[in-house]
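Descriptive structure summary
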Amino acid sequence: MKVLIANRGEIALRVIRACHEEGLEAVAVYSDADRASPHVRAADAAVRLGPAPAAESYLNIPRLLEAAASSGATAIHPGYGFLAERAAFAEAVEAARLVWIGPPPAAIRAMGDKTEARQRMRAAGVPIVPGAVTPVADLNAARVVAEEVGFPLMVKAAAGGGGKGMRVVRAPGELRGALETAASEAQKAFGDPAVYLEKFVERPRHVEIQVLADHARTIHLGERECSVQRRHQKLVEEAPSVAVTPELREWMGAAAVAAAEAVGYRGAGTCEFLLAADGAFYFLEMNTRIQVEHPVTELVYGVDLVREQLRIARGEPMSIPDTFLHPRGWAMECRITAEDPATGFLPGTGRISYLRAPNGPGVRWDSGVDVGSEVTLFYDSLLAKLIVWAPTRPQAIDRMRRALGELQVAGIATNQAFHRRLFADPAFCEGDIDIQLLDRRPELLALEDDPALVRDLAIAAALAENAARGRRAPPSNGGSGGGESAWLLAARRDGVR
Ligand code: MV4
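Residues numbered from 1 in each chain as written. Predicted model: local features only at pLDDT ≥ 70, side-chain atom pairs only at ≥ 80, totals over all residues. Heavy atoms only, no water.

Some words on empty space enclosed by the protein
The tally for this structure, following the rule as stated, stands at two cavities of 30 Å³ or more. In this structure, the largest cavity is lined by H77, P78, G79, A84, W100, I101, G102, P103, T288, R289, I290 and Q309. Of the residues that constitute the lining of the largest cavity, the class distribution is six nonpolar, five polar and one charged. Within this model, the second largest cavity holds a volume of roughly 30 Å³. (1 Å grid on protein atoms, 1.4 Å probe; cavity = no way out; pocket = protein on both sides within 12 Å on 5 of 7 lines; lining within 4 Å. Points joined across faces, edges and corners; volume = space filled by probe spheres on them. Nonpolar A, V, L, I, M, F, W, Y, C, P; charged D, E, K, R; others polar.)

Given below as structure tokens:
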């Protein structure tokens with residue numbers, strides 16, 4: 001099997017490494033913006049897809065199939081994002097007589113339709129949020145359903161997921177407006193205006209269960225706590241969750257396994273749950289792909305999920321024995337993005353002029369960039385994931401603080417300062433988190449006047465200047481005698497804010 005990776009950045013590198021450990025050749029694909037990217041250099045061969053826009057490169061199905069044919073690849077791994085959850089792409093791959101390294105297209109489809117998924121989950125005994133399992137026909141039908149469900153409730157897109165086409169309704173008078181905006185958002189985002197109603201769960205945690213299925217069995221690999229998020233973008237994930245006891249893990253794990261079996265799942269997948277403060281949990285949706293945050297599960301279960309995906313796609317059994325299925329220690333992940341907390345997390349661009357990656361015991365750095373990488377607005381803003389493991393959660397927090405202290409990125413603004421502040425926050429460190437944490441605590445996001453940030457920027461600027469020395473003349477306003485302000489000016493010219 002020779003594997004084409006239909007993706008870029010850190011996940012392309014992650015899959016290439018797994019291929020090499022499995023003794024498989026890896027073929028990279030790239031857009032014109034990624035000609036010199038690390039994933040292209042790491043692969044055994046690389047094929048150009050087209051211009052930088054994703055629609056003309058990483059989303060271009062005919063070009064990807066041509067790239068597989070011309071490179072002699074016999075399998076395609078989609079990574080996450082892009083085409084990973086497009087059933088039509090999975091079908092096109094299989095129709096081209098290539099191995100699809102992902103779940104059966106029918107499983108992707110069943111989970112992609114949220115009302116169909118709710119029906120199938122209910123039939124399989126998986127707890128779903130109380131509410132309807134079919135879309136509402138009109139306002140009058142919605143009023144009837146709303147009285148049954150009760151308030152507060154949520155209007156959600158039937159074709160949806162990921163937070164688009166979603167509205168909270170706290171009183172009957174808000175129903176009409178919520179239906180209209182949710183339906184029009186759903187039409188825009190998914191090309192389908194259908195919406196349904198379910199009970200609103202207040203201040204839940206977002207806890208998800210990793211599943212893995214081969215031709216013989218379906219297992220779960222415990223939970224990931226993903227509550228720390230902003231506008232549906234996860235920022236920090238950990239495994240296990242402080243809110244999950246061994247008993248609850250078995251309940252949620254059994255529900256996730258039943259969910260996967262109900263749709264004939266194969267490979268790696270994740271069931272998302274809302275975990276309410278009273279310990280009740282509800283299936284939300286299943287992500288039919290490897291996820292960004294999979295490493296925290298790998299570290300506490302001692303498994304390689306991407307290698308297992310490759311084994312399963314080849315028709316081999318997973319290599320994980322049943323006796324292996326308990327989490328050990330604590331893992332935490334910070335998503336390092338090219339987003340500046342000081343500008344309200346706007347994605348930024350620039351060239352990485354200096355990069356010092358954290359290292360040492362218990363530290364994993366899954367990165368898609370290097371010194372010299374150009375960060376553009378063509379793709380998502382994830383640069384790298386900083387992942388730590390330690391025997392206990394407090395030790396993992398200490399280790400993350402140490403690793404965040406080692407990280408130096410210059411040439412582009414990142415959200416590093418946000419992570420430092422979060423890992424110094426007593427409530428977060430106590431594990432007192434839910435999906436509204438950052439809505440309730442906006443000061444965690446407001447970093448303009450943070451003295452530590454100001455100091456870090458000065459250090460980053462100095463490093464950028466050092467890195468640039470030898471390639472060009474020193475800053476004209478002082479050079480070696482200019483002190484920190486000259487460094488800062490020089491670095492600002494490089495794009496350091
Ligand atoms: C909910 C909810 C509360 N009650 N459903 C957001 C994305 C989509 N996967 C489902 N989402 C939610 N559904 C009910 N009945 C709250 C959210 C939600 C959320 C869920 C997981 C992670 C982050 C979130 C942020 C805001 C809202």
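From this point on, the discussion continues.
Thoughts on the environment of G264
Along the polypeptide, G264 turns up in the loop between α9 (246-262) and β12 (267-275). Sequence-wise, G264 and T376 are 112 residues apart; in three dimensions their C-alpha atoms are separated by 39 Å. (Helix = DSSP H or I, 4+ residues; strand = E, 2+ residues; numbered from the N terminus.)

Let's talk about the packing of aromatic side chains
Applying the stated criterion across every chain yields a total of nine aromatic pairs. Geometrically, the ring pair formed by F345 and F418 is edge-to-face, given 5.9 Å between the ring centres and 75° between the ring planes. On the criterion of sequence distance, the pair formed by F345 in the loop between β15 (339-340) and β16 (346-347) and F418 in helix α13 (residues 416-422) is long-range, its members being 73 residues apart. Taken as a pair, F345 and F418 share a single burial class, namely buried. The rings of Y58, F82, F378 and Y379 are connected pair by pair, giving a single aromatic cluster. It is R393 that lies over the ring of F428; its NZ or CZ is 5.3 Å from the centre. (Phe/Tyr/Trp six-rings, centres within 6.5 Å; stacked < 30°, edge-to-face > 60°. Buried < 20%, exposed > 50% of the residue type's maximum accessible area, 1.4 Å probe, protein only. Lys NZ or Arg CZ within 6 Å of the ring centre and 35° of its normal.)

Points about the pattern of salt bridges
Overall, the coordinates contain 36 salt bridges when judged by the stated rule. Residues E85 and R289 are paired through a salt bridge, measuring 2.3 Å at the closest nitrogen-oxygen approach. In this pair, E85 is assigned in the loop between β4 (75-77) and α4 (87-95) and R289 in the loop between β13 (281-287) and α10 (294-301), connecting sequence segments 204 residues apart. Among the residues examined, E85 registers a relative accessible area of 32% and is labelled partly exposed. Each of the salt bridges in this network shares a partner with another, and the network as a whole consists of E21, E22, R307, R311, R314 and E316. (Salt bridge = Lys/Arg side-chain N within 4 Å of Asp/Glu carboxyl O.)

Some thoughts on the sheet that holds β12
What the eight strands build is an open sheet, ordered β13-β12-β9-β10-β11-β14-β21-β19; its pairing is antiparallel. Of all strands in the sheet, those bounded by a partner on one side alone are β13 and β19 (363-367). Within the sheet, the average angular offset between the axes of one strand and its neighbour, ignoring direction, is 25°. In this sheet, β12 lies alongside strand β9 (residues 205-213) in antiparallel orientation, the contact comprising nine bridges. (Pairing = 2+ DSSP bridges. Axes fitted to C-alpha atoms, helices over the stretch in contact; angles between N-to-C directions.)

Side note on the nonpolar core
Counting 38 residues, the largest nonpolar core has V228, M332, F418, L422 and F423 as the members making the most contacts within it. Listed by contribution, the elements that provide at least two residues to this core are β11 (233-239), β14 (330-337), β21 (382-390), α12 (393-406), α13 and α15 (437-440). Setting aside residues no more than four positions away along its own chain, V228 makes contact with K234, L235, V236, L422, F428, I433, L437 and L438. Formed by 37 residues, the second largest nonpolar core is a distinct cluster that contains I5, I290, A331 and I387. (Core = buried A, V, L, I, M, F, W, Y, C linked by side-chain atoms within 4.5 Å. Contact = heavy atoms within 4.5 Å.)

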